[in-house]
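So the chains spell out like this:
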Amino acid sequence: MASTDNGNPAPRGGNGANNGFTKARAAFDRLRGHAGFWVKALSQPTIDLTLRTDAGQLTRIIESPGLSLPQAELDALVAQLRTVAAKTLPQESLTYGIFSGEPERLARAVVTVISEEETGRPIAFNALSVMAVPLDGEPAEVTHLGLVMVDPDVRGQGLSWVLYGLTALVLFARDGLRPKWISNVTQVPAVVGMVSDTFSDVYPSPLPGTRQSFAHLQLARGIMARHRAVFGVGEEAGFDEARSVITNAYTGGSDALKKTFDIAPKHRNAVYNDFCERELDYARGDDVLQLGRIDLAGARRYVMREVPSGSLPALLAASAILALQRLVLPVVYWLDDSRAFGTLRPRKQDPEAIR
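Numbers given to residues run from 1 along each chain, matching the order in which its sequence is written. Local features in a predicted model are, by the rule used here, given only for residues with pLDDT of at least 70; side-chain atom pairs are given and counted only at 80 or more, and totals for whole chains, interfaces and linings are based on all residues. Based on all heavy atoms of the structure, the side-chain values leave hydrogens and waters out of the count.

Strands here are runs of E lasting at least two residues and helices are runs of H or I lasting at least four, both read from the DSSP assignment and numbered beginning at the N terminus. Broken down by element type, the protein carries 10 helices and 10 strands. When accessible area is computed with a 1.4 Å probe and restricted to protein chains, residues below 20% of their type maximum are described as buried, those above 50% as exposed, and intermediate ones as partly exposed. By the burial criterion, 45% of the 355 residues in the protein qualify as buried. Throughout, a residue-residue contact means that at least one pair of heavy atoms, one from each residue, lies within 4.5 Å. Here the analysis covers contacts within the protein between residues at least 6 apart in sequence; of these, 66% occur between residues at least 24 apart. Accessible surface, the protein: about 18,400 Å² in total, of which carbon and sulfur atoms supply 54%. Here the Shrake-Rupley method, with its probe set to 1.4 Å, supplies the accessible areas, and only the displayed protein chains count as covering residues.

Moving on: the pairing of strand S3 (residues 109-116). Burial analysis of S3 places seven of its eight residues in the buried class, which makes it a mostly covered element. When strand S2 (residues 57-63) meets S3, the two strands line up antiparallel, connected through seven bridges. When the bridges of S3 are listed, Leu58 appears paired with Ser115. Pairing between two strands requires that DSSP report at least two bridges joining them. With seven bridges connecting them, S3 and strand S4 (residues 122-135) associate as antiparallel partners. Pairing of Ser115 across the sheet is with Pro122, part of S4. In sequence, S3 turns back onto S4 through a hairpin of five residues, with Gly120 there showing a positive phi of about 80°.

Residue Pro204 is reached from Tyr203 by a cis peptide bond, and omega for that bond is -5°. One can find Pro204 in the loop between strand S7 (200-203) and helix H7 (214-226). A positive phi angle, close to 50°, is found at Ser64, a residue other than glycine. Structurally, Ser64 is set in the loop between S2 and helix H2 (65-68). Among the residues examined, Ser64 registers a relative accessible area of 17% and is labelled buried. The phi dihedral of Asn248 is positive, around 55°, even though this residue is not glycine. Tracing the sequence through the fold places Asn248 in the loop between strand S9 (245-247) and helix H8 (270-279). Overall, Asn248 belongs to the partly exposed group, its relative accessible area being 30%.

This part is about the packing of aromatic side chains. Each Phe, Tyr or Trp ring (for Trp, its six-membered ring) is paired with any other whose centre lies within 6.5 Å, and the angle between the two planes then decides the class: stacked below 30 degrees, edge-to-face above 60, tilted in between. Across all of its chains, the model carries one aromatic pair by this definition. The lysine or arginine in question, Lys266, covers the ring of Phe261, its NZ or CZ lying 4.5 Å from the ring centre. By the criterion adopted, a ring carries a charge over it if an Arg CZ or a Lys NZ lies within 6 Å of its centre and within 35 degrees of its normal.

With that out of the way, let us pick up the packing of helix H5 (residues 160-174) against helix H9 (residues 296-306). Angular values range over 0 to 180 degrees, each being the angle between N-to-C directions of two axes fitted as lines to C-alpha atoms, with helices fitted over their stretch in contact. Interhelical geometry of H5 versus H9 gives an angle of 145° and a closest axis separation of 11 Å. Remark: the crossing between H5 and H9 carries left-handed chirality. Along its contact with H5, which presents Trp161, Val162, Gly165, Leu166, Leu169 and Phe172, the element H9 presents Leu296, Ala299, Tyr302, Val303 and Glu306. All residues other than Ala, Val, Leu, Ile, Met, Phe, Trp, Tyr, Cys, Pro, Asp, Glu, Lys and Arg, Gly among them, are scored as polar; the first ten of these are nonpolar and the last four charged. Across the contact of H5 with H9, the residue classes tally to nine nonpolar, one polar and one charged. If you view the pair so one helix is near and one far, a crossing is left-handed when the near helix is turned anticlockwise from the far one by less than a right angle, and right-handed when it is turned clockwise.

What follows covers the nonpolar core. Formed by 41 residues in total, the largest nonpolar core has its most connected members in Phe125, Val142, Met149, Phe231 and Ile246. Among the elements that take part in this core, helix H3 (residues 71-88) stands out by supplying six residues, more than any other. Counting 37 residues, the second largest nonpolar core, distinct from the first, contains Leu145, Val191, Met194 and Val202. We define the nonpolar core as a collection of buried residues of types Ala, Val, Leu, Ile, Met, Phe, Trp, Tyr and Cys that are connected through side-chain atoms lying within 4.5 Å of one another.

The next subject is H3. Under the convention used throughout, the expected extent of a helix is 1.5 Å for every residue step, that is, one less than its residue count. With 18 residues, H3 extends 26 Å from end C-alpha to end C-alpha; this agrees with the ideal 26 Å at 1.5 Å per step. Taken together, the buried positions of H3 are occupied by Leu74, Leu77, Val78, Leu81, Val84, Ala85 and Thr88. When H3 is viewed along its axis, its buried side chains cluster within an angular range of 115° and face the same direction. Here the arc refers to the set of directions running from the helix axis out to each C-beta atom.

Let us look at the pairing of S4. By the criterion of burial, S4 is predominantly enclosed, with 11 of the 14 residues buried. The pairing of S4 with strand S5 (residues 138-150) spans 11 bridges and is antiparallel. Directly across from Ser129, in S5, lies its bridge partner His144. Turn length for the S4-S5 hairpin, with the two strands adjacent in sequence and antiparallel, is two residues, and the turn residue Asp136 shows positive phi of about 55°.

Here Ser129 shows up in strand S4. Classification of Ser129 as buried rests on a relative accessible area of 13%. When sequence neighbours within four positions are dropped, the list of residues in contact with Ser129 reads Arg108, Ala109, Val142, Thr143, His144 and Val230.

Moving on: the environment of Glu241. With respect to the helices and strands, Glu241 occurs in the loop between strand S8 (238-240) and S9. Residue classification places Glu241 among the partly exposed positions, given a relative accessible area of 31%. Expressed as a C-alpha distance, the spacing of Glu241 and Leu289, which sit 48 residues apart in the sequence, is 9.6 Å. For Glu241, the contacting residues outside a window of four places in its chain are Gln212, Leu217 and Arg221.

With respect to the helices, strands and loops of the structure, Pro206 is situated in the loop between S7 and H7. Residues Pro206 and Gly193, 13 residues apart in the sequence, show an inter-C-alpha distance of 9.0 Å. Not counting residues within four places of it along the chain, the set of residues in contact with Pro206 comprises Val271, Tyr272 and Phe275.

Here it is, written out as structure tokens:
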């Protein structure tokens, strides 16, 4: 019950006014927090951001932790990742990528960790990797969506929009909203569908109109030639270029992730389940290597479909994307002569970018 300092009851309607003020203040604080998040994302030379993405949950995004964090903080971060992995695969251990202990892997990673705000307990993470791959004779970066793990105790709580899209969206915004190539290696139908629905120009995918461009083929060849260790695929694994399917994929440290079709999480759209069952040999251990782009169309789909619809920042982000698409973006691209865009080339190029 509300009361004044002298013990007299508060005026009728006071609770409503106070509640209204409290809600408005909370909304303002959330908006200020999101605004601060994006200001930091666009200004920091190396991303290290923390954002409240849901009630009682904090999400931290750290770019290149192997370079940007002191050793003690780096060890604490790896311990958080191993805590989630131990809950997810209690009888197994992973030896590739961020779990290998190699500083080089953590130097190229972008790690997203979701923790309980009250206890600090890590409950989920995603580890992206940035790979250098040549494309049409020029250096290109491909952001690999990487390993996602969720504590079984919190599965089904709607964490996928953070784990599969938020970090890619931050990197996209940080790079001036230039289209960015992404890759994904999986045998899980739910993930194949998520990537196909969220990103643009994805191959392979069962969606109508899907085709493999020469760019897809070049990038796939470069990834398989240079970056198998990123997703735990051994040298003995084969690669079917036409279908973009890695055969016998679970031989490079990722063995514990191999699934049967029956237990692999399914997508709500059966077309993705049928596609994976048809194209992949689960007994042998096949994966698809998907390549696509995050661009304005993909960012808009992500904001409108994946981010909770009641979120005011999501609506503001969608409005900003539309405004940039129509008014600002072409001017920004034209004035920036330091980076390539389409057929436009920067004035100065680094001959050492590709070795």
